[in-house]
Amino acid sequence: MKINNIVSFLLVTLVVTVTSCEEVIQLDLKNTAPRVVISASLNASNGECLVEASKTAGFYDSSNFVKITGARAELVKGNGDVLVFDEVSPGIYSLKQVTVSAGENLQLNFIVSPDERYLAATQAPQEVFLDSLKIVRGFGDPRPTSPPIYLLNLKWKDPAGISNFYRFKLTKNGKSRQGSFNITNDQPFDGTEVDMPLYRYSLEIGDTVRLEFQSIDSLSYAYFNQINDMARPSFVSATPYNPIGNFDKGALGYFGVFWTQVKDTIISLRK
């Protein structure tokens, strides 16, 4: 699970990855003053939290991110316990065996020096379970010689009266789909049995697929939704624009919590 960085908008290519096999997003960026970028996520299902921190320098290409090393990263749990990360490689900090509960308030402190500290806070979402995953026939090229197209169809029960947010990550034949984040909220279907095909992913017989069904926190949803807006061809901003995360003091990036279920399947005609 690797988290890469996001910086400002318009003119150079930015690649954002938020966990392993992440969807790749390419945005245009504009050169601005150096900024601290902190990307952090806690996988509540396996208890692993990763933080990647860097600072933009000069013109923004992938070679000009300066890793922030020697910092102190802390996770403050709802009961006040402070868990300290290990720096496992330059600019990457890891914490394992973290246990959290739905609704628990969590705070991430990133301390570069006594005079340079950044804070982000969020609340752990409720875990929602995927009931079933089916392969259904889609609508592809109508020509008789064209191979048939298939889709993944997800079913789950959305809890009633609670705002839930979901993310669907799909890897096909070992490669993630380039584009925006596949996310949704439960406003259209609160408290119902959800039956949802993933129309964005066209599959063929023999494809090996890995699906991650994630319950994400509201701040992650808001952050990913901004990136989706920026990735649309119709997006226009009069001034350079950064997705707004939950770190203070102008740091870019975000701290989020998610639960995940992983399903592996091979597209076949078997029922």
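Look above for the structure.
Computed from a predicted model, the values in this text were never measured in an experiment. (Residues numbered from 1 in each chain as written. Predicted model: local features only at pLDDT ≥ 70, side-chain atom pairs only at ≥ 80, totals over all residues. Heavy atoms only, no water.)

Attention shifts here to the environment of V76. Along the chain, V76 falls in strand 6 (residues 72–76). A residue is classified by how much of its surface remains accessible, and V76, at 17% relative accessible area, is buried. Once residues lying within four places of it in the same chain are set aside, the contact partners of V76 are D81, V82, N105, L106, Q107 and N109. (Helix = DSSP H or I, 4+ residues; strand = E, 2+ residues; numbered from the N terminus. Buried < 20%, exposed > 50% of the residue type's maximum accessible area, 1.4 Å probe, protein only. Contact = heavy atoms within 4.5 Å.)

In this structure, I38, L42, F85, F110 and F255 are the most contacted members of the largest nonpolar core, which totals 28 residues. Among the secondary structure elements, those contributing two or more residues to this core are strand 3 (36–43), strand 4 (48–56), strand 6, strand 9 (92–95), strand 10 (105–113), strand 11 (116–123) and strand 19 (252–266). Per-element tally for this core: the top contributor is strand 3, with four residues. Residue contacts for L42: discarding those within four places in its chain leaves G47, E48, C49, L75, V98, V100, L106, F255, G256, V257 and F258. Counting residues in hydrophobic clusters, the runner-up holds 19 residues, among them Y150, L152, Y166 and L198. (Core = buried A, V, L, I, M, F, W, Y, C linked by side-chain atoms within 4.5 Å.)

Let us now look at the pairing of strand 3. A large share of strand 3 lies buried, amounting to eight of its eight residues. Burial of the side chains of strand 3 extends over both faces: V36, I38, A40 and L42 are buried on one face and V37, S39, S41 and N43 on the other. Summarising the sheet, strand 3 and strand 4 pair through eight bridges and their orientation is antiparallel. Opposite N43, over in strand 4, you have E48 as the bridge partner. Hairpin connection from strand 3 to strand 4: four residues lie between these consecutive antiparallel strands, with G47 at a positive phi of about 75°. (Pairing = 2+ DSSP bridges.)

Below, the discussion takes up the pattern of salt bridges. For the structure on display, the rule yields seven salt bridges. Between E52 and K67 there is a salt bridge whose closest N-O contact spans 2.7 Å. Of this pair, E52 sits in strand 4 while K67 sits in strand 5 (residues 65–67), and the two are 15 residues apart along the sequence. For E52, a relative accessible area of 3% puts it in the buried group. Close ionic contact of D195 with K155 constitutes a salt bridge, the shortest N to O distance being 3.7 Å. Placement of the pair is D195 in strand 17 (residues 193–197) and K155 in strand 13 (residues 150–157), with a sequence separation of 40 residues. (Salt bridge = Lys/Arg side-chain N within 4 Å of Asp/Glu carboxyl O.)

This next bit is on the packing of aromatic side chains. Taken as a whole and assessed by the stated rule, the structure comprises 13 aromatic pairs. With 5.0 Å between their ring centres and 55° between their planes, W156 and Y166 make a pair best called tilted. Here Y166 lies in strand 14 (residues 165–172) and W156 lies in strand 13, a separation of ten residues in the sequence. Grouping residues by exposure puts W156 and Y166 together as buried. Between W156 and F189 the ring centres are 6.0 Å apart and the planes differ by 85°, which places this aromatic pair in the edge-to-face class. Of the two residues, W156 is situated in strand 13 and F189 in the loop between strand 16 (183–185) and strand 17; the sequence distance between them amounts to 33 residues. For the residue pair W156 and F189, the accessibility class agrees, reading buried in each case. Members of the aromatic cluster, each reached through a chain of ring pairs, are W156, Y166, F168, F189 and F213. (Phe/Tyr/Trp six-rings, centres within 6.5 Å; stacked < 30°, edge-to-face > 60°.)

With that settled, consider the environment of A121. Relative to the assigned elements, A121 resides in strand 11. Other than its neighbours up to four places away in sequence, A121 contacts L106, Q107, L219 and N246.

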